[in-house]
Amino acid sequence: MQVQTELYIIAAMSENRVIGVNNRLPWHLPDEWAHFRKITDGKPFLMGRKSFEAADSLHSDYRNVILTSHLPDKKELRTEYAKDISGALALLSDEKEVFVLGGATVFLQILPLVQRLYLTIVHAQVEGDAYFPVVSQDDWELASSEFHGIDDKHAYSFSMNLYIRKNPGP
């Protein structure tokens, strides 16, 4: 029996849609990282090469599929490589749920195929060079939201949101 793979984007963006600067996150939010780990524990990740190689990237302890046009000389443990989205999805076809971690180009390409967005909104305008794609609110329903204020460990307030696609495709 074929497994129906569900694709979920998990990301954090500022109010001006910034997700990165110089291949790093522009903030440090420990409670948001804890949320990320809780949601993604034991699940496979799909991401672009630059996201995988970022100094602050998280890798799945279970399975990572990396989009890249150049296969690395040295293979990483629990890591597979694909040249495009269709190749990555073929590798992941036996998985029930897959979390897409970015970057910006990967998000843009895979957004039409995604069933859920775990999207943290960082309540700030920040400088950056990578942006989350514009998402039509007509396509998504906010299922849950948890606000976290500024405190000793968090320089920015943020909201951890779950959006579910209103009209999933075939």
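Just above, that's the structure.
Bear in mind the structure is a predicted one, so any value in this text is a computation, not a measurement. (Residues numbered from 1 in each chain as written. Predicted model: local features only at pLDDT ≥ 70, side-chain atom pairs only at ≥ 80, totals over all residues. Heavy atoms only, no water.)

### Points about the overall build of the protein chain
Helices and strands together make up the secondary structure of the protein chain, namely four helices and 10 strands. Its C-alpha atoms put the protein chain at 45 × 40 × 25 Å along the principal axes. Counting every position in the protein chain, which comprises 170 residues, the buried fraction comes to 42%. Here the analysis covers contacts within the protein chain between residues at least 6 apart in sequence; of these, 65% occur between residues at least 24 apart. Within the protein chain, the 23 negative side-chain charges are centred at a point lying 4 Å from the centre of the 17 positive side-chain charges. (Helix = DSSP H or I, 4+ residues; strand = E, 2+ residues; numbered from the N terminus. Buried < 20%, exposed > 50% of the residue type's maximum accessible area, 1.4 Å probe, protein only. Contact = heavy atoms within 4.5 Å. Lys, Arg positive; Asp, Glu negative; His and termini not counted. Charge placed at Lys NZ, Arg CZ, Asp CG, Glu CD.)

### What about unusual backbone geometry?
Residue Gly103 follows Gly102 across a cis peptide bond; omega there is 5°. Mapped onto the secondary structure, Gly103 falls in the loop between β6 (97-102) and α4 (104-110). Positive phi is not limited to glycine here, since Asn22 has a value of about 50°. Along the chain, Asn22 turns up in the loop between β2 (18-20) and α1 (30-40). Judged by relative accessible area, which is 62%, Asn22 ranks as exposed.

### Focus on the pattern of salt bridges
The final tally for this structure, using the stated rule, is five salt bridges. Note that Glu97 and Lys43 form a salt bridge whose closest N and O atoms lie 3.0 Å from each other. In this pair, Glu97 sits in strand β6 while Lys43 sits in the loop between α1 and β3 (45-48), placing the two residues 54 residues apart along the sequence. Look at Glu97 and you get partly exposed, because its relative accessible area is 23%. For Lys43, a relative accessible area of 25% puts it in the partly exposed group. Taken together, the shared-partner salt bridges in this structure form one network comprising Arg63, Glu80, Asp94 and Glu95. (Salt bridge = Lys/Arg side-chain N within 4 Å of Asp/Glu carboxyl O.)

### Details of the pairing of strand β10 (residues 158-165)
By the criterion of burial, β10 is predominantly enclosed, with seven of the eight residues buried. One ladder, built from seven bridges, connects strand β7 (residues 116-122) with β10; its direction is antiparallel. When the bridges of β10 are listed, Ile121 appears paired with Ser159. Bridge analysis of strand β9 (residues 140-148) against β10 gives eight bridges, and the strand direction is antiparallel. (Pairing = 2+ DSSP bridges.)

### Topic: the side chain of His154
With respect to the helices, strands and loops of the structure, His154 is situated in the loop between β9 and β10. A relative accessible area of 1% places His154 in the buried class. Within the structure, the side chain of His154 is placed 2.9 Å from the backbone nitrogen of Asp31, a separation counted as a polar contact. Looking at His154, its side chain comes within polar contact range of the side chain of Asp151, at 2.7 Å. (Polar contact = N/O pair within 3.5 Å; in protein donor to acceptor, adjacent residues only side chain to side chain.)

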